[in-house]
Structures are given as C-alpha cells and as structure tokens.
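Here's the letter readout for the chains.
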Amino acid sequence: MVAPALRPVRPAVLADDDALAELDRSTWSTLHAVLPRPAPPYEPFFDAGHGPEDFLVVEAEQADGQVGIAGYIRLVPPTPLASNAHVRQIRGLAVATWARGAGVGRTLVRAACAEARRQGANRITLRVLGHNTPARALYASEGFAVEGVLPGEFFLNGRYVDDVCMGRSLGPDGPDGPDGLA
C-alpha cells in the first residue's frame with residue numbers, strides 16, 4: 001500500500017467540525033483516552049473550551065481519491081497565568097487509521113513545535129499514558145524527555161495506568177539546533 005501524500009499542515013476551521021469529530025470517534029482507544037468511548041448523541045467537536053484556533057490539521061488523499069483530514073493536534077497554553085505564558089501544551093493528537101505509517105504524527109508534532117515558537121513560546125509540554133509506547137517513542141524521537149510520572153493516575157480497563165509528563169525546549173538550547181525547531 002502506498003502512503004498517502006500529505007498536504008501542508010493548516011489551522012483548523014469551523015467547517016472541520018464534523019470530520020474532526022468522526023476522526024476522534026474512529027480513533028478512540030484506551031491506549032490514549034481517559035474518558036469513556038463517545039456515544040450518541042454526539043457533542044460537536046468544537047465547543048467553548050475547544051475552538052478551531054487550538055487545532056492544527058493535516059489532510060491527505062485517501063484510497064478512494066478523496067482528500068480527508070489525516071490527523072490533528074491540539075496546542076494550547078497550559079494555564080491562563082502570565083507566569084507560564086512561555087509554554088504551550090499538546091493536549092490531543094489523532095491520526096486516521098488509513099493514514100498511519102505516513103508520518104502524520106511526526107508532521108503534526110513538528111508543526112506544533114513551530115506554531116508554539118511562532119506564538120512566542122520557548123517550551124512545549126504534554127502528558128501521555130504510560131502504556132502508550134508508540135506515542136512515547138514518537139515524542140522522544142522529536143526531542144521530548146520524560147520530566148515526571150504520576151504513578152497509577154488513571155484506572156483504565158481494570159488496571160492503574162501512569163500519566164507521563166514530557167517536555168522540551170524550543171529555544172536556542174533545544175535539541176534541534178540553534179532555533180530549537182525540527
């Protein structure tokens with residue numbers, strides 16, 4: 001199977017609501033989700049706390065020739081406090097099943113780092129479930145380091161799961177050279 005050609009990463013728009021909601025539902029898994037599986041009636045993807053301005057998306061051509069959203073990443077300030085306005089946090093990443101293995105996740109992580117830097121951040125953080133080995137490997141390969149672990153923070157599928165805090169610099173001392181970007 002040929003990997004789909006990715007289009008440039010772009011900011012989400014309101015018209016992406018249905019496609020992002022479907023992507024979110026179709027990729028739900030206890031590998032990364034701490035909330036129960038979504039059930040009808042479904043809420044809109046965008047709401048007061050999750051606006052299109054918080055999301056970057058990447059599109060690609062699907063097997064049927066249609067262009068669809070291959071993935072999204074959510075990038076937000078971790079708090080409303082001025083004292084950590086220099087930090088952005090990844091709070092969601094999803095890749096469509098049909099687009100896996102095409103570099104969508106890596107493309108979105110790199111775009112999030114670039115967008116965070118554009119917004120004036122010099123640091124980016126995230127939280128990932130301890131048993132999500134693929135995501136942890138992706139983040140580590142993009143310069144994120146484990147900065148803390150909350151042991152047994154979540155109870156999922158009958159077992160306790162760690163919450164792993166990861167982060168990296170986006171500044172001159174970042175892992176990717178003088179500008180800290182991939």
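Residues numbered from 1 in each chain as written. Predicted model: local features only at pLDDT ≥ 70, side-chain atom pairs only at ≥ 80, totals over all residues. Heavy atoms only, no water.

1. Describing the overall build of the protein
Along its length, the protein carries three helices and seven strands. Taken over the C-alpha atoms alone, the protein extends approximately 45 × 40 × 35 Å along its principal axes. Relative to all contacts within the protein whose residues are 6 or more apart in sequence, the contacts with residues 24 or more apart total 61%. A total of about 9900 Å² of accessible surface is found on the protein, and carbon and sulfur atoms cover 55% of it. (Helix = DSSP H or I, 4+ residues; strand = E, 2+ residues; numbered from the N terminus. Contact = heavy atoms within 4.5 Å. Areas by Shrake-Rupley, 256 points an atom, 1.4 Å probe, with all protein chains shown as cover.)

2. Thoughts on helix α3 (residues 133-141)
For α3, the full list of buried residues reads Ala135, Leu138 and Tyr139. For α3, the angular spread of the buried residues around the axis is 95 degrees, confining them to a single face. Residues of α3 that are buried in the fold lie against β4 (87-95), α2 (104-118), β5 (123-129) and β7 (159-169). The N-cap residue of α3 is Asn132: its side-chain oxygen and the backbone nitrogen of Ala135 are 3.2 Å apart. Following α3 by one or two positions, Gly143 adopts a phi angle in the positive range, close to 95 degrees. (Buried < 20%, exposed > 50% of the residue type's maximum accessible area, 1.4 Å probe, protein only. Arc of directions from axis to C-beta. Polar contact = N/O pair within 3.5 Å; in protein donor to acceptor, adjacent residues only side chain to side chain.)

3. Structural notes on the pairing of β5
The buried count for β5 comes to five of seven residues, which makes it a mostly enclosed element. As paired strands, β4 and β5 are joined by four bridges and run parallel to one another. The residue bridging Val87 from the neighbouring strand is Arg123, located in β5. Handedness of the crossover joining β4 and β5 through α2 is recorded here as right-handed. Note: β5 against β7, seven bridges, orientation antiparallel. Directly across from Val128, in β7, lies its bridge partner Val164. (Pairing = 2+ DSSP bridges. Right-handed = clockwise from strand over helix to strand, strands pointing away.)

4. Comments concerning the packing of aromatic side chains
According to the stated counting rule, one finds seven aromatic pairs in the structure shown. Pairing Phe45 with Phe55 gives two aromatic rings, centres 5.0 Å apart and planes at 55 degrees, and the pair type is tilted. A residue pair is termed long-range when its members are at least 10 positions apart, and Phe45 in the loop between α1 (17-26) and β2 (55-61) and Phe55 in strand β2 qualify at 10 residues. The residues Phe45 and Phe55 share a single accessibility class, namely buried. Through a chain of ring-to-ring contacts, three or more aromatic side chains come together here, namely Phe45, Phe46, Phe55 and Tyr72. Positioned above the aromatic ring of Tyr42, the side-chain terminus of Arg25 is 3.8 Å from the ring centre. (Phe/Tyr/Trp six-rings, centres within 6.5 Å; stacked < 30°, edge-to-face > 60°. Lys NZ or Arg CZ within 6 Å of the ring centre and 35° of its normal.)

5. A closer look at the confidence of the model for the protein
Here the protein averages 93 in pLDDT, and 93% of its residues register 70 or above. Taken together, the stretch residues 174-182 has pLDDT below 50 and engages in 27 contacts with residues farther than four places along the chain or on a different chain. (pLDDT = per-residue confidence, 0-100.)

6. Here we look at the pattern of salt bridges
Under the definition given, this model contains nine salt bridges. The partner of Asp54 in a salt bridge is Arg74, with the nearest N and O atoms 4.0 Å apart. Within this pair, whereas Asp54 is found in the loop between α1 and β2, its partner Arg74 is found in strand β3 (residues 67-76), the two being separated by 20 residues in sequence. On the basis of relative accessibility, which here comes to 15%, the residue Asp54 falls in the buried class. (Salt bridge = Lys/Arg side-chain N within 4 Å of Asp/Glu carboxyl O.)

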